[in-house]
Every structure is written in structure tokens, then in C-alpha cells.
Amino acid sequence: MQKRNTAGVAFLCAGVLVFSLQDAIIKQVSGDYAVTQAVFIRSLVAVPLLLIFVQLEAGVRAIRSPHFAWLAIRSVALLVSYTAYYIAFPALPLAEAVALYFTVPLFITGLAGPLLGERVHWTAWAAIAAGFAGVVIILQPGASLFEPAALFSLLSALLYALCAIMARRLGTTEPASVMAFYQNFVFMAGAAAMALLLHGLNIHDASHPSVEFLVRRWSWPTAHDFMLMASCGAIAAFGATLLTHAYRIAEANRVSSFEYTGLLWVPLWGFLLFNEVPRWTTVFGAALIVVSGLIALRGRGEPSRSRKDS
């Protein structure tokens, strides 16, 4: 298991680096295009790549999974998670949006008891409380600097934590490439469905940048912008496969803390591409979230016998 955990950490770190590039691209196009359009284009481009991955790992027939329903449920949850994550970008500095998202390990630890049957030590619960104190420091509720769009990042983290736990369960029978293929297909179909629904309801304008990013009409992209969004397809294919494989082969509590390596890259992209310098409250709150998340994960125990034997 140690070798599997080490490999899982390597896969996860690589996936986080790859996806950090996508975050920067999505933020760059968020002022001119709809999030549904960006997701649709990236998912369309990813389809042939993921089919190749499926064929190499398990054969295309593996897509006809007996666990179709659970794969679809996980994919829909991920669609909502990533949509919430992306629509926070226009209203928040990149580092702040991502720092809040990195409450994922805290949510995983909190959900480990009821969903995985793991014993969670009191130090882990204390660390979770401290981590969410870091969230409050970043959010500054009640202050003039509070941005409601930050709640989208937290919603995204909660849903992603649930999906990570589901990947661990499904990974005993489902190849990583198959889970990634289902995820991508639901992203493509879901983005198109949301766009059609909003068009049918004649909702196209909003005063808040996050909502505007969601409801904006699709428009024909420039060649440059199309290539940016299309590049997210390759990023999504490689990144989703890497992250899914990480949680598939390794214990979630052993690898999830390495999600924090994204905090090494995001401030760099924010500074280089958007001239963003994180506020001291963001840096302090993010540091508190990271330390608390690491402590929380160390405070998780092994699954209880009853859950192991079930």
C-alpha cells in the first residue's frame, strides 16, 4: 500500500499543477464568454483524448459500466462543483478563490466518519475548526471587503470532497480513465443543457460578475480565445485522469493534503497574468487552512471493523 500511496501522491501533484493552468485560462476568458461555453469547448476537445486513454487502460467497452448510475451521479456533482469554482473567478482574486477551495481536505476529514467509517480524533475536529477560522479571516464577513462569490469556492470544495470519497469507492472496480470519461461527457452535456435552459428562460444579463459569467450569451470566440479554451480540453483530459487515478489507487487521507501544492502555482499565475498581489488576510488565512488541513488528516484513524466487513 505504501508504494500505491506514493504513486498516488505523484499523480495528484501532477494533476494539481496541470489544473492550475486551466484556472488561469478560465479566469482570463471569464470577462468575455460564458462559463458554459468555456466548459463545453474544453470538454468537446477532451473527448477523443479520453477515448484514447480508455482504450489504452481498459478498452472502450469498459465505458459500458455496471456502475453507470454512480458514475453519472459523481459526474453531475463534479459539474456543479467546477461550475461553482469557475464562476467565483470573475469576482475574486485567483489566489483567494483557490485558497478557499483548498478547504477540500477539511471537508474530506469531516466526512470520513459517516461515509468511510473512519475514526476521527478530537485533534482533527479541532484542526477543522481552526481551518474554518482561516476561512473566516479570508472572507471577512460583515466587512466592506466581503465578496459573496467566495461562497461558490466553498460549495465547490464540499462537492469535490464528496466526489473524492466516491472515487475511492468506485476505484476498486472502475478504471481512472473511465471515470474521467464519464465526468467529461457530463460536463459537455451539462454545459450545453444549462446554456439552452438559460436561453429558453431569456436570462442573459446580471449585475454581479459571477452570475454574468454563468448566464452570458455564447459568442463566436476569436482564434486566440478559442485556442485558450480548447487547450483546457487537453488539460482537463490529462488532469482529470491524473487526479482520478490518484484517489483510485491511494488512500484519500494520504494523498488529499497534497492538493495544497496548488497554492504554490496559483499566486504565481495571478501575479504574472493578472497583476494580483494577495492581501495579507488571504495569505494568513490560507496558511491557517493548510496547517489545519494537514493536522486534520493526521488525526484520522483507520476504518472501523464494521464498515470494513460490510
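Refer to the structure printed above.
Described in the following lines is the structure provided in the data block. (Residues numbered from 1 in each chain as written. Predicted model: local features only at pLDDT ≥ 70, side-chain atom pairs only at ≥ 80, totals over all residues. Heavy atoms only, no water.)

### Some remarks on the environment of E174
Secondary-structure assignment places E174 in the loop between α7 (150–170) and α8 (176–200). Each C-alpha atom of the pair E174 and S65 lies 7.9 Å from the other, and the pair is 109 residues apart in sequence. Residues contacting E174, with those up to four places away along its chain left out, are S65, P66, H67, L71, M179 and R248. Of the polar contacts made by the side chain of E174, one reaches the side chain of S65; its length is 2.7 Å. A distance of 2.9 Å separates the side chain of E174 from the side chain of H67, its partner in a polar contact. (Helix = DSSP H or I, 4+ residues; strand = E, 2+ residues; numbered from the N terminus. Contact = heavy atoms within 4.5 Å. Polar contact = N/O pair within 3.5 Å; in protein donor to acceptor, adjacent residues only side chain to side chain.)

### Brief notes about the nonpolar core
With 87 residues, the main nonpolar core has Y86, Y160 and Y247 as its most contacted residues. Looking at this core element by element, the count peaks at eleven residues for helix α10 (residues 223–249). If we skip the residues at most four places from it in the chain, Y160 touches L78, S81, Y82, Y101, V104, L243, Y247 and E259. (Core = buried A, V, L, I, M, F, W, Y, C linked by side-chain atoms within 4.5 Å. Buried < 20%, exposed > 50% of the residue type's maximum accessible area, 1.4 Å probe, protein only.)

### Focus: helix α6 (residues 122–139)
In this model α6 runs 26 Å from its N-terminal to its C-terminal C-alpha over 18 residues, within 8% of the 26 Å that 1.5 Å per residue would give. Considered for burial, the residues of α6 that qualify are A124, A127, I128, G131, G134, V135, I138 and L139. Across the axial projection of α6, the buried residues extend over an arc of 135°, all falling on one side. The exposed set on the far side of α6, more than 90 degrees from its buried face, consists of W122 and A129. Just downstream of α6 lies Q140, where phi reads positive at about 50°. (Expected span 1.5 Å × (residues − 1). Arc of directions from axis to C-beta.)

### Concerning unusual backbone geometry
Of note, the phi angle at N202 is positive, near 60°, even though the residue is not glycine. You can see N202 is positioned in the loop between α8 and α9 (209–215). Here the phi dihedral of N275 falls at roughly 55°; this positive angle occurs in a residue that is not glycine. Inspection of the secondary structure puts N275 in the loop between α12 (262–274) and α13 (280–298).

### Comments concerning the packing of aromatic side chains
Two aromatic rings, taken as a pair, are described by how far apart their centres are and by the angle between their planes. This model, assessed by the stated rule, comprises 14 aromatic pairs. Taking 6.0 Å as the distance between ring centres and 50° as the angle between the ring planes, the aromatic pair formed by Y82 and Y86 counts as tilted. Residue Y82 and its partner Y86 are both found in helix α3 (residues 68–87); the two are separated by four residues, about one turn of the helix. Y86 matches Y82 in its accessibility class, with the two residues each being buried. Members of the aromatic cluster, each reached through a chain of ring pairs, are F19, Y82, Y85, Y86, F89, Y101, F102, Y160 and F187. The ring of F274 is capped by K27, whose NZ or CZ atom sits 5.5 Å from the centre of that ring. (Phe/Tyr/Trp six-rings, centres within 6.5 Å; stacked < 30°, edge-to-face > 60°. Lys NZ or Arg CZ within 6 Å of the ring centre and 35° of its normal.)

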